[in-house]
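For reference, the chains in residue letters:
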Amino acid sequence: MRLTLLALLAKEPAHGYELKQALEQIFGSAYPSPNIGQIYVTLGRLEKDGLVRAVDVEQSNRPNKKVYYLTAAGREILDTWVGEPTEGPRVRDEFFMKLVLAPMTGIADRMVMINRQRRHYLGLMRDLNELAERTDPENHVALLLVEGAMLHLQADLDWLERCQEDLS
Amino acid sequence: MTPSVAPVVETVNLVKIYQDGGVPVPAVRGVDLRVSPGEFVAVMGPSGSGKSTLVHMIGGLETRTSGEIWLDGQRADTLNESAWALLRRRRIGFVFQFFNLVANMTVADNVELPALLAGASTREARRRREYLLGELGLTARADAAPSQLAGGEQQRVALARALANEPSLLLADEPTGNLDSRNTRDVLRLLGEVHREGQAIILVTHDARVASLADRVVSLLDGQIVDDGGTGLVRRRPKGSAGDVVELRG
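For clarity, every value in this text was computed on a predicted model and none was experimentally measured.

Description of the overall build of chain B
Within chain B, the secondary structure is distributed over seven helices and 10 strands. The C-alpha atoms of chain B give a radius of gyration of 19 Å, which matches the 18 Å a tight globule of 250 residues would have. Considering only C-alpha atoms, chain B reaches an extent of 65 × 50 × 50 Å along its principal axes. Counting over 250 residues, chain B shows a buried share of 42%. Long-range pairs, those at least 24 residues apart, make up 68% of the contacts in chain B with a sequence separation of at least 6.

Side note on the sheet that holds strand β7 (residues 169–173) of chain B
Residues and elements named next belong to chain B. Read from one edge of the open sheet, six strands run β6-β7-β8-β3-β9-β10, paired in mixed fashion. Looking along the sheet, the strands with just one partner apiece sit at the ends: β6 (92–95) and β10 (224–229). The sheet shows a mean angle of 15° between the axes of neighbouring strands, direction not considered. In the sheet, strand β9 (residues 216–221) pairs with β10 via five bridges, with the strands oriented antiparallel. Residue pairing in the sheet places V218 in a bridge with D228 of β10.

Structural notes on the environment of L191 of chain B
All names here are of chain B. Among the secondary structure elements, L191 is positioned in helix α6 (residues 181–196). Residue classification places L191 among the buried positions, given that 24 C-beta atoms sit within 10 Å. Distance in space between the C-alpha atoms of L191 and T106 is 23 Å, their sequence separation being 85 residues.

A short note on the confidence of the model for chain B
Residue and element names in this part refer to chain B. With 91% of its residues at a pLDDT of 70 or more, chain B shows a mean pLDDT of 87. Here residues 234–245 is modelled with pLDDT under 50, and outside its nearest four sequence neighbours on either side it reaches 20 contacts, counting other chains as well. Reported confidences for the modelled complex are a pTM of 0.82 and an ipTM of 0.80.

Details of unusual backbone geometry
All names here are of chain B. Phi is positive for D72, which is not a glycine, with a value near 45°. Given 18 C-beta atoms within a 10 Å radius, D72 is considered partly exposed. Positive phi, close to 50°, is recorded for D222, a residue that is not glycine. Positionally, D222 belongs in the loop between β9 and β10. Look at D222 and you get partly exposed, because 17 C-beta atoms sit within 10 Å.

A few points about the nonpolar core
A general trend in soluble globular proteins is that nonpolar side chains are found buried together. In terms of nonpolar packing, the biggest core is built from 93 residues, with V43, A160, I201 and I202 of chain B touching the most fellow members. Those residues in contact with I201 of chain B that sit more than four places away from it in its chain are F40, V41, L170, A172, L191, V194 and H195 of chain B.

Topic: the packing of helix α5 (residues 94–105) of chain A against helix α6 (residues 110–134) of chain A
All names here are of chain A. Close contact between α5 and α6 brings their axes to 10 Å; oriented N to C, the two are set at 165°. On the basis of the axis angle, α5 is roughly antiparallel to α6. In terms of crossing hand, the pair formed by α5 and α6 is right-handed. Within the contact between the two elements, α5 uses F95, K98, L99 and A102 and α6 uses R110, M113 and Q117.

Re the sheet that holds strand β5 (residues 74–75) of chain B
Residue and element names in this part refer to chain B. Read across the open sheet, the four strands follow the order β2-β1-β4-β5; overall the sheet is antiparallel. Each of the sheet's edge strands pairs with one partner strand only, and the pair in question is β2 (23–35) and β5. Of the strand pairs in this sheet, strand β1 (residues 9–20) and β2 are connected by 10 bridges, and their pairing is antiparallel. By the bridge assignment for β2, V15 is matched with R29. Sheet contacts for helix α1 (residues 51–58): β1, β2 and β4 (66–71); angle to β1, the most-contacted strand, approximately 120°.

Considering the pairing of β1 of chain B
Residues and elements named next belong to chain B. Hairpin connection, β1 to β2: the antiparallel pair is bridged by two residues, and G21 has positive phi, about 55°. Here β1 pairs with β4 via five bridges, running antiparallel. Across the sheet, the residue bridging to V15 is S66, located in β4.

What counts and how
- Going along each chain's sequence as written, the residues are numbered from 1 onward.
- Following the order in which they are written, the chains are lettered starting with A and the ligands numbered starting with 1.
- Confidence filtering applies because this is a predicted model: local features only for residues at pLDDT of at least 70, side-chain atom pairs given and counted only at 80 or more, and all residues used for totals across whole chains, interfaces and linings.
- The helix and strand labels rest on DSSP assignments: H or I over at least four residues marks a helix, E over at least two residues marks a strand, and numbering proceeds from the N terminus.
- Atoms counted for the radius of gyration: C-alpha only. Globule rule: 2.2 Å times the number of residues to the power 0.38.
- With C-beta atoms placed from the backbone, a residue is buried if 20 or more other C-beta atoms are within 10 Å of its own, exposed if 12 or fewer are, and partly exposed between those counts.
- For the purpose of contact definition, each residue receives a C-beta atom placed from its backbone, and two residues are in contact when these atoms lie within 7 Å.
- Between any two strands, at least two bridges found by DSSP are needed for them to pair.
- Note on geometry: axes are C-alpha line fits, over the in-contact stretch for helices, and angles between N-to-C directions span 0 to 180 degrees.
- The pLDDT value tells you how sure the predictor is about a given residue, anywhere from 0 up to 100.
- Nonpolar cores are identified as sets of buried Ala, Val, Leu, Ile, Met, Phe, Trp, Tyr and Cys residues joined via C-beta atoms within 7 Å.
- Orientation categories follow fixed angle ranges, with anything under 35 degrees roughly parallel, anything over 145 roughly antiparallel, 65 to 115 roughly perpendicular, and all other angles oblique.
- In this scheme the handedness of a crossing depends on how the near helix is turned from the far one: anticlockwise by less than a right angle means left-handed, clockwise means right-handed.

So this is what it looks like as structure tokens:
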């Protein structure tokens with residue numbers, strides 16, 4: 001979450017709760033709502049590393065609130081992150097490891113494993129269909145995220161089919 | 001013994017062997033499949049696994065080599081061609097990858113035709129056509145000729161046509177193969193409605209979004225069923241939260 005928070009702070013200084021709200025507004029139901037505690041812990045670490053700084057703002061009748069802003073060092077880290085290409089979403093696959101190692105363990109039938117995994121992926125796909133139905137049609141960011149997840153799952157299923165053809 | 005409702009489709013040890021220059025090529029090797037009225041079954045599997053052949057045989061478009069096919073409790077594989085055609089017209093709707101729309105008829109007439117052939121009144125056929133074209137976002141295209149439509153539109157017209165006579169069984173072979181994601185959504189919504197109205201669906205697909213809506217997924221490999229079961233069982237997340245379905249890094 002570090003870089004996500006840096007990006008939000010690049011737009012304007014904000015306090016922790018505003019950052020939580022901004023995340024929810026941008027990603028909608030496609031992103032698990034961040035817990036406010038996690039946000040404050042992350043901001044504390046960013047502050048310790050010199051990437052953000054906090055100022056106390058006085059509020060009438062209430063305790064001071066901490067408003068965070070991006071430092072030059074933070075800006076540099078953020079620029080590097082945005083500017084460089086990103087690792088592929090899945091370069092290692094735990095199921096594939098299981099599948100390859102299964103015969104050595106002598107405890108799993110690969111056909112059964114593949115069938116079980118296919119049903120699991122289809123169950124996830126059904127969840128994504130429902131999530132897409134529930135998502136506000138105007139929230140393009142959230143819908144694109146869901147569609148991306150669907151395309152990845154489709155690729156996983158196609159790969160499963162290839163595994164079944166070759167290993168059965 | 002209590003009488004139970006006959007399955008909408010039942011195949012018994014169904015086999016199809018093609019001949020390739022005198023060499024027998026098995027495509028379907030002993031499939032036992034039972035589909036209850038109103039059930040939505042997706043058929044998946046690699047290309048060459050026999051999915052299309054299976055569905056074509058159930059619809060009477062290809063002859064079986066051996067085995068039995070029963071539709072609504074009636075033995076169908078022993079029928080002659082005209083009796084098959086009659087059965088098809090009344091009870092089965094088809095959507096295939098190639099749309100086969102009648103070129104010199106409008107979209108509206110293409111969709112009304114099967115209902116009229118099955119004996120519906122003109123008014124009933126029109127009402128059904130208007131409903132189906134509306135659901136598929138094609139109302140404005142009703143008077144167009146099929147050749148004036150884009151591929152995705154033609155495919156949706158083919159689906160509307162397949163549903164025109166409210167068949168008790170819809171057979172579909174990759175019905176979303178040519179559709180972009182928004183049109184796929186329209187088709188999925190209509191399939192869901194058709195399903196809720198109690199029509200059975202057997203649908204061959206590679207598209208996991210489509211398959212995930214089915215009650216049951218049958219997986220074929222080398223002409224045999226290797227898995228047959230529900231898809232909903234693995235769902236663990238409570239409603240209202242995307243959980244870790246979508247994971248962002250950073």
